[in-house]
Structures are given as structure tokens and as C-alpha cells.
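Breakdown of the fold
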Amino acid sequence: MGILRLHETDNAEIEEFRRMLLSCAAGHRRKDGDDLRDNVPVISGAGNEDVLEKLVCVTSGVSYLGIAIVNQLLVRGYSVRIIVDNEDVEKLRQMEISGEMRLTNSIIEIVMAKLNEIESLANAFDGCRGVFHTAGFIDPAGLSGYSKAMAEIEVSASKNVVKACGVTPSVRHCVLTSSLLTCIWRDNSCNGLPSVIDHSCWSDESVCQNKKLWYALGKLRAEKSAWKVAKESGVKLATVCPGLITGPDFYHRSPTSTIAYLKGVQEMYVNGLLASVDVNRLAEAHVCVFEGMKKTASGRYICFDRIIGSGDEIENLARETGINSSTIIGGASSSNRARFELSNQKLFRLMSRTWRCFNE
């Protein structure tokens, strides 16, 4: 599968990953003969049962969201296996040689795997108790934009990840990053639509196709396919459906997904559905859902921490993305906005309960 990268953006991701490693913790290299990891830098643990019980894998681990999830996992005491591509491996190798990745307690492991090959993924997942699948296609340069073809790749990658989880005995849970867009794009001309949009709501594929909302369509089909495969293979799956992912330098770090998410922004704004979530808050939610799955957590979780509506919020979004504020609000006024209400109560209750237990 193709991966397009912009050199400067890629360097920024690696630099952020370097900073995260230095601040969080981590380990010394293990020199084992595992054929999957012969040619990549490896940082891992002492091999005791506690380490193995807390070993998880993150796909696209050197991406904007991937780095945040890895960071949250590390501070929660997990060992993390990160799937990267060839370019990332070479840059991470340079970090290892320079000594930047020789830290103290072994909790990071870097592996290569192909998202279009189930066997490759199963090898990468082997020994892990959980898998976090964040993205199926990386195009941070915005060279091609998020196209219909990319949507199909997203679907294929998600199916393969869940299938690989199903054939890997050690994997107990899988958390998939979906999108709030899988819930909000419905035929609003229909009467009787519920005014509250929550985890039980699904977007309409025909609406996404007619409006050429390829990112929404890709996430929608990918999540539905993942649920189908999980049911067939007995994989314990949960999905997190975030709003627009924001945070420090978010547009420059993830331009393609940001632009793609905001297609149809005026309609989202008018309907009160233009929501965002800080990348670190989203990463916390992923780990919380994973922790909760060990008990009763399951299903879908909508994740947002802000509904963009005020003039200042619109101006901030416009400034950060380069989108004209008039493009966002159109002719909307306060009297004809917020036709619908978003609810993240399911996730809110879970996070309140899970972190309370964790801190105790």
C-alpha cells in the first residue's frame, strides 16, 4: 500500500517522537533473533510476566495521534510495540545509534509490518495483549488529498488489522480509531431524526457519496467492516469516534485528515455538529477505553471536548487551518443554528469511572 510523506512533516513527527521518548521513559535495546525485528531498532523489556501482560501494539505509532497514544500508554506503565514504515525505521535507527533511544527501563519496541498483509500484522501483534489501530493511510503532505481510493485503503487496512487480531492468540482487545463523521452525516430532510446524536447513530453512506465526503465514507466503511470481522472472528473490539483532532500545530502535522474532516464544515457548523478534541485528551480516551474493556466497556464511544460555535472559536479555527471564517459560518446566524445535539456521555461516564479506579 502506498504511503505519501512530506519530508518536513515526517521530520517533525520523528522529532516529536524523540522528545516523547526522552521525557517518558524507556528502555535499552534487546538483541534477540526474532526474524521480524532483525533489521529494526528494538527497545524492550526484561521478559517478565508483568511486562508481557502490559505489552500492546500501536499502528502508525509515529503519527500525530499515534505519538500521543504511545505517550499515554508509557506513562500508564505499558510496554509499547510501534508499527512503522521503512523511512521511520531508518530515522529511528539513527536515534538509536546516537544514543537517544538508550533509556532506562525497557518499554518500547519498533517493528515493521504491512497493513495490507494479515500475516505481517499477526507477526507484529504476537505477544501483545492489545492493539490500537489509528489509521490505514498516511498522507500528511496533502499531496493528493483524501480521495475515494484512500477511503478503500482505509477499509482494507481496518479489516486486516482486526483479522490479524483474530488469528493472534495473545491479543485480547482491539481499539480502533474511527471518527465522529461516522455518526453525523444523515439525510436531514427526513422527518423524525433524533435530535441527540450519540454512539448509537450512524452516518448514511449514500449521503457521504453524494456529497463526496470521502474521509467520512472511508471511516464509516472501515468501522462497519471492522465490526463485521470482529463479530465473525470473536475479536473484542471497541471504537473511538473523535471530532476534529486538534492540539499543538495540528494542521501542519495532519493537514490531509484535517482538510478532509472539514469538508462540509458549514453544514456541520449550522447543525451544531462541528466538534473538536485535543489530541492528548483523545489519547487518554483510547487508553481509558482499552482499560475499560478488561471489565465491561464495549461498543462505540464518541469523543469531543468542544463544540465550535462562538465567534472566537471560529476565528481560531480559521487562523489555524487557513480556511476563511465566512466559509465556515456561511449565512448562519445564532437563530438558525444547533439543530442537533452531540452527546459523549457514554465516554464521559467510562472515563470518570476508570480513572477514579486507576487513581485509587
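So, a few notes on the structure that sits alongside this text. The written sequence of each chain sets the order in which its residues are numbered from 1. Restriction of local features to residues with pLDDT of at least 70 applies here, the model being predicted, together with a cutoff of 80 or more for giving and counting side-chain atom pairs; totals for whole chains, interfaces and linings are based on all residues. Excluded from the side-chain calculation are hydrogens and water; included are all heavy atoms of the structure.

Turning to the overall build of the chain, a few remarks are in order. By definition, any uninterrupted DSSP run of H or I lasting at least four residues is a helix, any uninterrupted run of E lasting at least two residues is a strand, and each is numbered from the N terminus. Each helix and strand counted, the chain has 16 helices and 12 strands in total. When burial is assessed residue by residue, the chain has 55% of its 360 residues classed as buried. Excluding contacts between residues fewer than 6 apart, the proportion of contacts in the chain whose partners are at least 24 apart in sequence is 79%. Surface accessibility follows the Shrake-Rupley procedure with a 1.4 Å probe radius. Residue values consider only the protein chains on display as shielding. Entry remark: accessible area of the chain is about 15,300 Å², with carbon and sulfur atoms responsible for 48%. For every residue, the accessible area (1.4 Å probe, protein chains only) is compared with the maximum for its type, and the residue is labelled buried under 20%, exposed over 50%, or partly exposed between those bounds. The contact definition used throughout considers only heavy atoms, calling two residues in contact when any of these lie within 4.5 Å.

The side chains of a regular strand alternate, first on one face of the sheet and then on the other. Residues Leu 55 and Cys 57 of strand β1 (residues 55-58) are buried on one face, and the alternating residues Val 56 and Val 58, pointing to the opposite face, are buried as well. Being paired, for any two strands, means DSSP has found at least two bridges between them. When β1 meets strand β2 (residues 79-84), the two strands line up parallel, connected through four bridges. Note that in β2 the partner of Val 56 across the bridge is Val 80. Orienting the strands away from the viewer, one traces the path from the first strand over the helix to the second; a clockwise path indicates a right-handed crossover. Note on the crossover from β1 through helix α3 (residues 64-75) to β2: the handedness is right-handed. Pairing between β1 and strand β4 (residues 130-133): three bridges, direction parallel. Across the sheet, the residue bridging to Val 56 is Gly 130, located in β4.

For the rest of this paragraph, the subject is the sheet that holds strand β9 (residues 275-278). One open sheet holds the three strands; their spatial order is β8-β9-β11, and the pairing between them is mixed. Taken across any chain shown, the strands that pair with only one partner, and hence form the sheet edges, are β8 (244-246) and β11 (306-307). As paired elements, β8 and β9 share three bridges and run parallel to each other. The residue bridging Thr 246 from the neighbouring strand is Asp 278, located in β9.

Our next topic: the pattern of salt bridges. Only one rule defines a salt bridge in this text: a Lys or Arg side-chain nitrogen within 4 Å of an Asp or Glu carboxyl oxygen. All told, the structure shown has 11 salt bridges when counted by the stated rule. A salt bridge links Lys 211 to Glu 267, with the nearest nitrogen and oxygen atoms 3.1 Å apart. Highlighted residues: Lys 211 in the loop between α8 (205-210) and α9 (214-233) and Glu 267 in helix α12 (residues 265-270), separated in sequence by 56 residues. A relative accessible area of 37% places Lys 211 in the partly exposed class.

It is worth spelling out unusual backbone geometry at this point. Even without being glycine, Lys 212 reaches a positive phi, approximately 55°. You can see Lys 212 is positioned in the loop between α8 and α9. Its identity as a non-glycine residue notwithstanding, Asp 249 has a phi of 55°, on the positive side. Take Asp 249: it is sitting in the loop between β8 and α10 (250-253). Residue Asp 249 is classed as partly exposed on the basis of its relative accessible area of 45%.

Among the structural elements, Trp 214 can be located in helix α9. A relative accessible area of 18% places Trp 214 in the buried class. Distance in space between the C-alpha atoms of Trp 214 and Ala 260 is 7.6 Å, their sequence separation being 46 residues. Beyond its immediate sequence surroundings of up to four residues, Trp 214 is in contact with Tyr 146, Ser 147, Lys 148, Ala 151 and Gln 209.

Here seven strands make up an open sheet; going across it, the order is β3-β2-β1-β4-β5-β7-β10 and the pairing parallel. Strands at the two margins of the open sheet, each flanked by one partner only, are β3 (108-112) and β10 (299-303). Neighbour to neighbour, the strand axes of the sheet diverge by 20° on average, direction disregarded. Only the contacting stretch of a helix is used when fitting its axis, a line to C-alpha atoms as for every element, and angles between N-to-C directions run 0 to 180 degrees. Each of β4 and β5 (173-177) touches helix α6 (residues 148-166); the most contacted strand, β4, lies at about 180° to it. Where α9 meets the sheet, its contacts fall on β5, β7 (237-242) and β10, and the angle it forms with β7 comes to roughly 165°.

This paragraph deals with α9. Expected span of a helix, by definition, is 1.5 Å for each gap between consecutive residues, and there is one gap fewer than residues. The end-to-end C-alpha separation of α9 is 28 Å, in line with the 28 Å expected for 20 residues at 1.5 Å each. Counting buried positions along α9 gives 14 out of 20 residues, so the element sits mostly inside the fold. The first or second residue beyond α9 is Gly 234, which carries a positive phi of 75°.

As far as function goes, none of this settles anything; it's purely spatial.
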